[in-house]
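Commentary on secondary and tertiary structure
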Amino acid sequence: MDRLVTKYRIWITAAVVAHTLWTSAAPAMVYPIYIDQWNLSYTQTMLVFGTYPIVVGVLLLLSNFALQRFSREQLVSIGLGASTLGVFLFTIGDSLAWLLVGRVFMGVGVGLSAGYSAAELIELSPNKQRAGTITIAAQSVGFSASFIAGGAFVEFTAQPAHYPFVFLFIVLLAVFALYILTTNSPPQYPQAKSGQDESNISKPLLALLILTVTTAYMHGVTYTALGATVAKQLLASTNSLLNGFVLGFFAISIGAGAFFARKSDGFPAIRIGAVFSIFGMSLLVAAANQQSIFLYSASSFSSGIGYALKFSGSISIINLKSTEKNNSKTINKILVFAYLFTGFASIAVGKISEYFDVSSAIYFITLSVSIMSLLVIYISFKRSISSTTNNPHGD
């Protein structure tokens, strides 16, 4: 049994990481249905999206207190249970209130499991410097499933507002059971003493990593919150499966970007990723103006590469400069800001879409991501940040 646990634990933990992105993007292909059939406004649909990252951010902020009472593995298990319950509420919900309660549970689940599962995946990885690649590849699988499977269920089933979540509910039950079965006597890491910090990540570098990951997550607002609506309203594409595949380029390119990121050091990766992000946002504006599904696909692909390089590069920097005990702590700090920012930004995008139009929202996101990406490039070249290469592993 121990050998089985050792062999398959990394894949099960990768599935936990994948669930965080699948759960996040689960309603992505259903938002147009909420608007057309449930008569929800843009602000209300963005509230459904935005509630999730806000709750995740709050839970991540409080998770260090929870870690004083529970082990990391126990918190991940509780998180998986909460995510599963949240998805179940989407399978039976028929109003905005049901959706919001479901998203709260999803947020609680991912808030408890995202940082710790990513940290566990780093520790289980046989090659520590490539751990970010495994993490981002797992996220790519989750994203791909939400877009493509969601698009298929919306296009071909009688209850498109519910069946995508029935499928995800079954998957989460399996992941939850496997994680519980392969968790044996979870380790209890001692809490660091007051004032003790084993991480070599300085405050300026931490700020850069927060900005980098937050910029990457803003692509999530673009393609998971507005993606299907943009395809339907601005590009006049009414086939949900086709739209799912187009948006799936974002997820697939995340995996491709992770593959190339494994051969790149952290700082070059986040810089190149920022360039891809700016290019992807430019293509998005062009696609909206020309109503081109081809340009939209290219935008999705380029943005996914940017996301992957920025996230993988950030994880690589964390892994090189932080001890295993502090990996989850550092990741949680970064994710708190990233989730809270994208949550409130998505609600702002909904307001802009409602009071102006979807095109205006696209311009707002494009300008925001481009400015943030330029800042990532500029700050990463500052000598005080990029020249610091010492790491706590003694390599």
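Just above, that's the structure.
Below: a short report on this structure. Position numbers for residues count from 1 along each chain, tracking the sequence in the order it is written. The predicted origin of the model limits local features to residues at a pLDDT of at least 70 and limits the giving and counting of side-chain atom pairs to 80 or more, whereas totals for whole chains, interfaces and linings rest on all residues. Heavy atoms from the whole structure form the basis of all side-chain values; hydrogens and water molecules are not counted.

With that out of the way, let us pick up the overall build of the protein. Only DSSP runs of H or I with at least four residues qualify as helices, and only runs of E with at least two residues qualify as strands; both kinds are numbered from the N terminus onward. Scanning the protein from N- to C-terminus turns up 15 helices and zero strands. Three exposure classes are used, based on accessible area relative to the maximum for each residue type with a 1.4 Å probe and protein chains only: buried under 20%, partly exposed in between, and exposed over 50%. Put simply, the protein has 395 residues, and 59% of those count as buried. Only carbon and sulfur atoms are counted for the fraction: they give 66% of the accessible area of the protein, which is about 15900 Å². For accessible areas, the Shrake-Rupley method is used with a probe of radius 1.4 Å. Any residue's cover is judged against the shown protein chains and nothing else.

So, on to empty space enclosed by the protein. The method works on a 1 Å grid over the protein atoms by themselves. A cavity is a set of points holding a 1.4 Å probe that cannot get out, a pocket is an open set with protein on both sides within 12 Å along at least five of seven lines, and residues with an atom within 4 Å of a point line them. Grid points are joined across faces, edges and corners, and a volume is the space filled by probe spheres set on the points. Evaluation of the coordinates by the stated rule reveals five cavities of 30 Å³ or more. Of the pockets and cavities examined, the largest cavity occupies roughly 130 Å³. Lining of the largest cavity is provided by 13 residues; of these, Ser24, Phe49, Tyr217, Gly220 and Tyr339 occupy positions nearest its centre. Secondary structure elements with two or more residues in the lining of the largest cavity: helix H1 (2–25), helix H3 (42–67), helix H8 (203–225) and helix H13 (324–355). Residue contributions to the lining of the largest cavity peak at four residues, all from H8. Residue polarity follows a fixed list, in which Ala, Val, Leu, Ile, Met, Phe, Trp, Tyr, Cys and Pro are nonpolar, Asp, Glu, Lys and Arg are charged, and the others, Gly among them, are polar. When its residues are assigned to classes, the lining of the largest cavity shows nine nonpolar, four polar and no charged. Volume-wise, the second largest cavity comes out at about 70 Å³. If you go around the second largest cavity, the residues you meet are Val17, Thr20, Ala114, Ser117, Ala118, Thr135, Gln139, Tyr217, Phe311, Ile331, Leu335 and Tyr339. Elements supplying a minimum of two residues to the lining of the second largest cavity: H1, helix H5 (96–124), helix H6 (131–156) and H13. Looking at side-chain class alone, the lining of the second largest cavity contains eight nonpolar, four polar and no charged residues.

So, about helix H11 (residues 266–290). In this scheme, a helix's expected span is set at 1.5 Å multiplied by one less than its residue total. With 25 residues, H11 extends 36 Å between its outermost C-alpha atoms, agreeing within 8% with the 36 Å of an ideal straight helix rising 1.5 Å per residue. Just past H11, the residue Gln291 takes up positive phi, approximately 50°.

This paragraph deals with the environment of Leu85. Note on placement: Leu85 falls in helix H4 (residues 72–92). Leu85 sits 17 residues away from Gly102 along the chain, and the two C-alpha atoms are 7.5 Å apart.

Now for the packing of aromatic side chains. Pairing of aromatic rings covers Phe, Tyr and Trp, the last through its six-membered ring, and needs centres within 6.5 Å; plane angles under 30 degrees mean stacked, over 60 mean edge-to-face, and all others mean tilted. As enumerated under the stated definition, the model contains 17 aromatic pairs in all. Between Phe90 and Phe165, the ring centres sit 4.8 Å apart and the planes meet at 50°, which makes this aromatic pair tilted. One end of the pair, Phe90, is in helix H4; the other, Phe165, is in helix H7 (residues 163–181), with 75 residues separating them in the sequence. Ring centres of Tyr217 and Tyr307 lie 6.0 Å apart, and the angle between their planes is 5°; this geometry places the pair in the stacked category. Within this pair, whereas Tyr217 is found in helix H8, its partner Tyr307 is found in helix H12 (residues 293–321), the two being separated by 90 residues in sequence. Residue classification places Tyr217 among the buried positions, given a relative accessible area of 9%. Every member of this aromatic cluster is reached through a ring pair, and the members are Tyr52, Phe143, Phe147, Tyr217, Tyr223, Phe250, Tyr296, Tyr307, Phe311 and Tyr339. In this analysis the charged atom, NZ for Lys or CZ for Arg, is taken to sit over a ring once it is within 6 Å of the ring centre and within 35 degrees of the ring normal. Lying over the aromatic face of Tyr179, Arg9 brings its terminal NZ or CZ to 4.1 Å of the ring centre.

Attention now goes to a nonpolar patch on the surface. By definition, no residue in a patch forms a salt bridge, and every one has over 30% relative accessible area; like charges are joined within 9 Å, nonpolar side chains (Val, Leu, Ile, Met, Phe, Trp, Tyr) within 5 Å. Any carboxyl oxygen of Asp or Glu that lies within 4 Å of a side-chain nitrogen of Lys or Arg is treated as forming a salt bridge with it. Taken together, the side chains of Val58, Leu61, Leu62 and Phe65 define a hydrophobic patch exposed on the protein surface, amounting to about 390 Å² of accessible area. If you trace the backbone, Leu61 turns up in helix H3. Among the residues examined, Leu61 registers a relative accessible area of 52% and is labelled exposed.

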